[in-house]
Amino acid sequence: MIDRQPAAGRRVTEYELRQEMVRVGRLLWERGYVAATDGNLSARLGPGRLLVTPSGVSKGFLSEHDLVVIGLEGGSPGGRSARPSSEILMHLEVYRQRPDVCAVVHAHPPAAIAFSIAGVSLARCVLPEVIVTLGGIPTTEYATPGTTEVSESIRQALRSYDALVLAHHGSLTVGKTLWEAYLLLEKVEQTAQITLAAQQLGRVHTLPPEAVQKLAAKRVEMLQGEGRNLCEGCSACILGDTPKSVP
């Protein structure tokens, strides 16, 4: 069991954050969201510093001592021999664009990736909880992993969404904590699995516009409570053209 939050008003220590990252990495591996040395995690460690997973290490078998500290500009990992994740440029882009974000999870959830390979979007209004909590799950254009292309491909969508599918590549979820970012990953992959099952049974019926409007109102209320942009990550404005069922 992961300790989701420290006691109210208490900052997480570096050691606690290292423990949390190890546990979340283990969950990624156990749930099949990563294989081999795939995936990477990062979290704000303090002003100008990040704690990140190293390159070339299975996320299921990390130790607290494997994790690397770097600067927000991607500077040297403090003389340690371990190299930060090869996808560090993507993580740095998240922190530049979203000062509210304190943790990033990049994984390779199989069903979500399969949808992107098939050219089928997960942004359709199908599940009420996705509309309320995420607004939608957009898919970004394909970009070569480990390059600045990825940073460029996520830049615009990242400003409005907390969960993205990276075409032919994986997922990117962000949050105030590693646990929060991890839970969004679970929601992305579950959405893909449910949508796939619906397609196998026949057709995927999207929610009617009037139902989506009620859910969008609940999302506005939630974002107001968090002090966030009311239009952030919401697809309600374009729902009038959404068909009631799609192949």
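Being a predicted model, the structure only gives us computed values, none of them experimental.

1. Observations concerning the environment of Glu129
Mapped onto the secondary structure, Glu129 falls in helix α4 (residues 128-133). Under the relative-accessibility criterion, Glu129 is labelled partly exposed at 34%. Along the chain, Glu129 and Thr191 lie 62 residues apart, while their C-alpha atoms are 9.8 Å from each other. Filtering out sequence-adjacent residues up to four positions away, Glu129 remains in contact with Leu134 and Lys187.

2. As for the nonpolar core
Counting residues in hydrophobic clusters, the biggest one holds 23 residues, and the most contacted among them are Met21, Leu28, Leu41, Val105, Leu178, Tyr182 and Leu185. Breaking this core down by element, the ones donating at least two residues are α1 (14-30), β1 (40-46), β4 (103-107) and α6 (178-201). Other than its neighbours up to four places away in sequence, Val105 contacts Leu28, Asn40, Leu41, Ser171, Leu172, Thr173, Leu178, Ala181, Tyr182 and Leu185. Ranked by size, the runner-up nonpolar core spans 21 residues in total, among them Val68, Val101, Ala157 and Leu158.

3. Re unusual backbone geometry
Within the chain, Ala36 stands out as a residue other than glycine whose phi angle is a positive 50 degrees. Relative to the assigned elements, Ala36 resides in the loop between α1 and β1. On the accessibility criterion, Ala36 (58% relative accessible area) is exposed. Positive phi is not limited to glycine here, since His168 has a value of about 60 degrees. Relative to the helices and strands, His168 resides in the loop between β6 (163-166) and β7 (170-175). Residue class for His168 comes out partly exposed when judged on its relative accessible area of 46%.

Each value, and the rule that gives it
- Residues numbered from 1 in each chain as written.
- Predicted model: local features only at pLDDT ≥ 70, side-chain atom pairs only at ≥ 80, totals over all residues.
- Heavy atoms only, no water.
- Helix = DSSP H or I, 4+ residues; strand = E, 2+ residues; numbered from the N terminus.
- Buried < 20%, exposed > 50% of the residue type's maximum accessible area, 1.4 Å probe, protein only.
- Contact = heavy atoms within 4.5 Å.
- Core = buried A, V, L, I, M, F, W, Y, C linked by side-chain atoms within 4.5 Å.

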